[in-house]
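Survey of secondary and tertiary structure
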Amino acid sequence: MLIARLIADPDTLGDNLALAMERIEEAGGEVAGAGMLDTNDDVLELELTEGDPALVRAILDELFPDADLLLTDQPVTVPHLFVSDMDSTMIGQECIDELADFAGLKARIAAITERAMQGELDFEAALRERVGLLADVPEATIAQCLDERIRPMDGARTLVATLKAHGCHTVLVTGGFHAFADPVAEQLGFARVVGNRLEVAEGRLTGSLDGPIVDGSVKLQVLQDEAARLGEGAISLATGDGANDIPMIAAATYGVAFRAKPRARDAANGRIDRGDLTAVLALLGIARERWVIA
């Protein structure tokens, strides 16, 4: 069984749906049903009794390139665990880039960030290089940056609050820094935070990190450990946008790439390109009257 859920442009949905069903069946799939969800009337669900997931995904990508999508081989349900990246996912900024702007280094550091997010650079090496460039920045600049620059992504509060209200354990895991992630997590309602720590001495950043690096392997381990703690059969949801998020996105029951870089998007079985973070709730089939508007 395969289930595909889509939020697409209603003006082109009908014609493209007929073509998608035809193409899927030509590729050896069998569409058992198609219709809008009772709980969310803008979400189309296709149920397939047969079909190669890679081929189905390729067809849907081609015909609905801008749609929000979830493709899974099991019934869709509210997850027990939600693990999310922070920068450019739960918030609309890259914290290290914004912090660098106060030191006049944003363009230089942002270029390294982008290459790391694309998977072109080793994450740890790129992180240490960027942190090194921030040596001697006053620690107080972090609070100023948080206040002036860092804002939640649209729908982030509602996504976290709704999942928590439905019994989901929430974890914010970031290759960024606790100095940003802790207040962001408190603001959004995450139960746990995992991140890197900036070393500070005499009120200024030293240009080094304090403690081990949180990279893609650590993000995956957090997902696996939390799922194991919840018990056998725990359903997991992971969201992220960059190469560092690929391991946890690929391992989650529902791995959702949010406005993501191509490699992360390709690794996911879900994507949000069209809507805000509340589109995740719609794809999960949580009715809007059950959303916690936060």
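Look a little higher up for the structure.
Everything in this summary refers to the structure shown in the same document. Computed from a prediction, not measured in an experiment: that's the story for all the values here.

What follows concerns the nonpolar core. Formed by 57 residues in total, the largest nonpolar core has its most connected members in Phe82, Met90, Leu163 and Phe180. Formed by 20 residues, the second largest nonpolar core is a distinct cluster that contains Leu2, Leu17, Ala20 and Val31.

Three or more residues of helix α8 (residues 178–188) are buried, namely His178, Phe180, Ala181, Val184, Ala185 and Leu188. One side of α8 holds all its buried residues, which, seen down the axis, span an arc of 155°. Of the surrounding elements, those touching the buried residues of α8 are α3 (95–101), α6 (140–149), α7 (156–165), β6 (169–177) and β7 (192–196).

A word on the pattern of salt bridges. Throughout the structure, instances matching the rule amount to 18 salt bridges. Between Glu226 and Arg229 there is a salt bridge, and its shortest N-O distance comes to 2.9 Å. Of this pair, Glu226 and Arg229 both sit in helix α9 (residues 216–230), separated by 3 residues, roughly a single helical turn. Here Arg229 falls in the exposed class, since its relative accessible area comes to 53%. Salt bridges linked by common partners bring Arg57, Asp61, Arg265, Arg271 and Asp273 together as one network.

It is worth spelling out the packing of α6 against α8 at this point. Direction vectors running N to C along α6 and α8 enclose 40°, while the axes themselves pass 10 Å from each other. When the axis of α6 is compared with that of α8, the two are oblique. In this structure, α6 crosses over α8, and the sense of that crossing is right-handed. Touching Ile142, Cys145 and Leu146 of α6 are Ala179, Phe180 and Pro183, all from α8. Among the residues forming the contact of α6 with α8, the class breakdown is 6 nonpolar, no polar and no charged.

The rules behind each value
Residues numbered from 1 in each chain as written. Predicted model: local features only at pLDDT ≥ 70, side-chain atom pairs only at ≥ 80, totals over all residues. Heavy atoms only, no water. Core = buried A, V, L, I, M, F, W, Y, C linked by side-chain atoms within 4.5 Å. Buried < 20%, exposed > 50% of the residue type's maximum accessible area, 1.4 Å probe, protein only. Helix = DSSP H or I, 4+ residues; strand = E, 2+ residues; numbered from the N terminus. Arc of directions from axis to C-beta. Contact = heavy atoms within 4.5 Å. Salt bridge = Lys/Arg side-chain N within 4 Å of Asp/Glu carboxyl O. Axes fitted to C-alpha atoms, helices over the stretch in contact; angles between N-to-C directions. Parallel < 35°, antiparallel > 145°, perpendicular 65-115°, else oblique. Left-handed = near helix turned anticlockwise from the far one by under 90°. Nonpolar A, V, L, I, M, F, W, Y, C, P; charged D, E, K, R; others polar.

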